[in-house]
Amino acid sequence: MSASLASKAQQLTHLQRLEAESIHVMREVAAEFRNPVMLYSIGKDSSVMLHLAKKAFYPSPPPFPLLHVDTTWKFREMIAFRDQAARDARMDLIVHTNQDGVREGVTPFTHGSSVYTNIMKTDALKEALTKYGFDAAFGGARRDEEKSRAKERIFSFRTQNHGWDPKNQRPELWNLYNARVRKGESIRAFPLSNWTEARHLAVHPEREHPDRAPVLRGQAPRRRARRHADHGRRRAPAARLWGGAGNAADPLPHPRLLPADGGDGVAGRNAAGNRPRDADRPHLRAVRPAHRPRRGRIDGEEEARGLFLMDNFDPAAFAEYLSRQERKDLLRFLTCGSVDDGKSTLIGRLLYDTKLLFEDQLATLQKDSAKHGTVGEDIDFALLVDGLEAEREQGITIDVAYRFFATEKRKFIVADTPGHEQYTRNMATGASNADLAVILIDARKGVLTQTRRHSYIASLLGIKNVVLAINKIDLMDYSKDVFEEILADYRSFAHELAFTNIQPIPMSARFGDNVTQRGEHLSWYDGPTLLEHIETVDVRGAATERPLRFPVQWVNRPNLDFRGYSGTLASGTVSVGEEAPRRGLRTQEHGQVDRHLRRREGKRDRRRGRDHHAHRRDRHLPRRSPVRRQPAAGSRRPVLGPSHLDA
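Conventions used here
Residues numbered from 1 in each chain as written. Predicted model: local features only at pLDDT ≥ 70, side-chain atom pairs only at ≥ 80, totals over all residues. Heavy atoms only, no water. Buried < 20%, exposed > 50% of the residue type's maximum accessible area, 1.4 Å probe, protein only. Helix = DSSP H or I, 4+ residues; strand = E, 2+ residues; numbered from the N terminus. Pairing = 2+ DSSP bridges. Contact = heavy atoms within 4.5 Å. Axes fitted to C-alpha atoms, helices over the stretch in contact; angles between N-to-C directions. Phe/Tyr/Trp six-rings, centres within 6.5 Å; stacked < 30°, edge-to-face > 60°. Parallel < 35°, antiparallel > 145°, perpendicular 65-115°, else oblique. Left-handed = near helix turned anticlockwise from the far one by under 90°. Nonpolar A, V, L, I, M, F, W, Y, C, P; charged D, E, K, R; others polar. Polar contact = N/O pair within 3.5 Å; in protein donor to acceptor, adjacent residues only side chain to side chain. pLDDT = per-residue confidence, 0-100.

### Quick look at the pairing of strand 9 (residues 410-416)
Along a regular strand, successive side chains alternate from one face of the sheet to the other.
Phase 1 of the analysis: In terms of burial, strand 9 is a largely internal element, seven of the seven residues being buried.
Phase 2 of the analysis: Burial along strand 9 is two-sided: Arg410, Phe412, Val414 and Asp416 and Lys411, Ile413 and Ala415, pointing in opposite directions, are all buried.
Phase 3 of the analysis: As paired strands, strand 7 (residues 329-337) and strand 9 are joined by seven bridges and run parallel to one another. Counterpart to aspartate 329 in the pairing with strand 9 is arginine 410.
Phase 4 of the analysis: With six bridges joining them, strand 8 (residues 401-406) and strand 9 adopt antiparallel strand pairing. Its bridge partner lying in strand 9, phenylalanine 404 is registered against isoleucine 413.
Phase 5 of the analysis: With antiparallel pairing between neighbouring strands as the criterion, strand 8 and strand 9 make up a hairpin whose turn holds three residues.

Set out below in structure tokens:
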């Protein structure tokens, strides 16, 4: 392989890698399950997910229908958009409504938002999945939405009653997913698990301009928006509501009751007297600013005014900013070690010191610390990632939780793994996709059995870079002798492992010493802080220099004249016209790559990590290895495992 191709192979952006990961998940579900479905809510998450599904199976339509749980509270324009999106994707559309809730007149006003959501959304979804016998459902949930979502697997198992048990999740190593379910059980698949709302969902539609629902942009504080959303002649009477209809602190009325723009939704000009409906009622949203200020700076207020709504906005500069964000390198790492070594506290302190917490998150953390905290009156940073109620009650980490953050130099996905022996399999799940391991050691206890166990697992799963974080050094009076003694003990057994780089760092996660800034009590330490190290450590592999490995996930047959093989390049590169040998269990055959197909894609060479359709001139179906999985009973679709191709 030429040096130029090797260079190109390392230029995949973080967003492109996320796309490939999502597409890989979609193909796995389509190949493994008998009757999958994609949930579609007309929102931004499901719009991005639908766009990726069209790319995953191009030029064929996605081999599953769309399911919309209709609560009857959508704009007519949104329903029209939904129908058009299904037609454009050439997918069947199933619409389901909880008729019992409709007959009982369940609304958010009469029954409250919690009861309404449970009946018209949750129960309706369960009804639809049971009625149509779906054994897998794509959802648009992301791990950055809430702390319980951060615990959920990409393939999330559901019982016959559609229940989720967060304490008993299946291991999920690398990109291998356990798809075996019994009759009545199902899987929720979350292709967008590792996406974040601000940095990926907002950028993705802009990059390729897929059809998507319009998003109204809020007015900047203290300035007039260049275009106002139409009020539909239904402004609240100023004398009775919140001190005036033009009050900047006023919340927005419920979208069901307000036309989006340019409409005359309610006749007459007297909102309180002419067909008033809810015009004279209190507003439905809390009176709070729409932006979410971050600690030490304002996020939303200045940014909205100075970035999107200013008169001298420079599109080229903004495009360059987005390009820089896309080109940022991504580091996946995990924290591991024995019980109570401070893993969750370290992640919480890292997010706090880098000012990546919003004010409302910090306020919630302070309240949780007063209720569940274990450090007295101080903030318990471990509660930022310990989102399960059982974890807070017991003061332990039960399952791996993923958090996302970024600095000026790099983007990060960190996996907080449990330290208890009975949850070791969850640690392995977090380690399987990590490039670096932060192994914590309590300075009071030294190297323990679980420290050694986690180190062996990290080495076994291919991690080469390790940070040995000797934590709670403040409880040992910041002793250099203690630090060196523990380091020598760890190195004495770690030399047998496959680590290529071990960076020892003395720290106090609770007080922040050597997490993002140097501790004043650790003047004897002249190495990097944790943040300095993870921002600069080189974890790039040489996958493009290895032989071509192309696991076939899906055989694409949109018509009788086309057969393509879909998958993600695990290693190596491939180009049009290149001979691609394939090896099965008993035979080896050769064929020539005729062309590559990617929706809205024109590049000719393909690189490791990209989703890929290879159209071959020969007509032989590649033999598939049965090592990973067996066909499910009664499955109508072929179960497509990897076909290991040896160059």
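### Examining the environment of glycine 446
Phase 1 of the analysis: Counting through the fold element by element, glycine 446 comes out in the loop between strand 10 (436-442) and helix 15 (449-460).
Phase 2 of the analysis: Among the residues examined, glycine 446 registers a relative accessible area of 12% and is labelled buried.
Phase 3 of the analysis: For the pair glycine 446 and aspartate 489, spaced 43 residues apart in sequence, the C-alpha to C-alpha distance is 8.3 Å.
Phase 4 of the analysis: The contacts of glycine 446, once residues within four sequence positions are left out, are Ile441 and Ile486.

### Considerations on the sheet that holds strand 8
Phase 1 of the analysis: One open sheet accounts for six strands, arranged 8-9-7-10-11-12; its pairing is mixed. Looking at strand neighbours, the two that pair on one side only are strand 8 and strand 12 (501-506), the edges of this open sheet. Adjacent strand axes in the sheet meet at a mean angle of 20 degrees when their direction is disregarded.
Phase 2 of the analysis: Note that strand 7 and strand 10 share five bridges and pair parallel. Considered in strand 10, the bridge of threonine 335 is made with valine 438.
Phase 3 of the analysis: Along the sheet, helix 11 (residues 343-353) contacts strand 7, strand 8, strand 9 and strand 10; its crossing angle with strand 7, the most-contacted strand, is approximately 145 degrees.

### Some points on the side chain of serine 459
Phase 1 of the analysis: With respect to the helices and strands, the residue serine 459 is situated in helix 15.
Phase 2 of the analysis: In this structure serine 459 comes out as buried when scored by relative accessible area, which is 14%.
Phase 3 of the analysis: Beyond its immediate stretch of four places on either side in the chain, serine 459 contacts Leu497, Ala498 and Phe499.

### Regarding the environment of isoleucine 398
Phase 1 of the analysis: Position of isoleucine 398 among the secondary structure elements: in the loop between helix 13 (389-394) and strand 8.
Phase 2 of the analysis: Judged by relative accessible area, which is 1%, isoleucine 398 ranks as buried.
Phase 3 of the analysis: In sequence terms isoleucine 398 and glutamine 422 are 24 residues apart; their C-alpha atoms lie 9.1 Å from each other.

### Thoughts on the packing of aromatic side chains
Phase 1 of the analysis: In the structure shown here, the tally under the stated rule is 13 aromatic pairs.
Phase 2 of the analysis: On the basis of an interplanar angle of 80 degrees and a centroid distance of 5.0 Å, the ring pair of tyrosine 490 and phenylalanine 493 is categorised as edge-to-face. With tyrosine 490 and phenylalanine 493 both in helix 16 (residues 480-494), this residue pair falls three residues apart, about one helical turn. For the pair shown, tyrosine 490 and phenylalanine 493 are each scored as buried.
Phase 3 of the analysis: Aromatic rings pair up to connect Phe57, Phe64, Phe138 and Trp554 into one cluster.

### As for the packing of helix 14 (residues 424-432) against helix 15
Phase 1 of the analysis: Interaxial distance between helix 14 and helix 15 falls to 10 Å at its minimum, and their mutual angle equals 40 degrees. In terms of orientation, helix 14 lies oblique with respect to helix 15. Seen along the crossing, helix 14 lies across helix 15 with a hand that is right-handed. Contact residues: Thr424, Met427 and Ala428 in helix 14; Gln450, Arg453, His454, Ile457 and Ala458 in helix 15.
Phase 2 of the analysis: Residues that form the contact of helix 14 with helix 15 fall into these classes: four nonpolar, three polar and one charged.

### Some words on the sheet that holds strand 2 (residues 66-69)
Two strands in a sheet stick together by hydrogen bonds in their backbones, pointing the same way (parallel) or opposite ways (antiparallel).
Phase 1 of the analysis: The sheet built from six strands is open, its strands ordered 3-2-1-4-6-5 with mixed pairing. The open sheet has two edge strands, strand 3 (93-96) and strand 5 (155-158), and neither has a second partner. Across the sheet, the mean angle from the axis of one strand to that of its neighbour is 30 degrees, orientation sign disregarded.
Phase 2 of the analysis: The sheet contact formed by strand 4 (residues 136-138) and strand 6 (residues 186-189) spans three bridges and is parallel. In the strand pairing of strand 6, phenylalanine 138 is matched with alanine 189.

### Points about the side chain of serine 193
Phase 1 of the analysis: Mapped onto the secondary structure, serine 193 falls in the loop between strand 6 and helix 7 (197-201).
Phase 2 of the analysis: Accessibility expressed as a relative area gives 3% for serine 193, which makes it buried.
Phase 3 of the analysis: Within the structure, the side chain of serine 193 is placed 2.8 Å from the backbone oxygen of phenylalanine 190, a separation counted as a polar contact.

### Thoughts on the confidence of the model for the protein
Phase 1 of the analysis: Looking at the protein, pLDDT values average 75 and 66% of them are 70 or higher.
Phase 2 of the analysis: Low pLDDT, under 50, characterises residues 212-288; the stretch is placed with 111 contacts to residues that sit more than four places away or in other chains.
Phase 3 of the analysis: Below pLDDT 50 for its whole length, residues 298-308 participates in 27 contacts with residues either more than four positions away or in separate chains.

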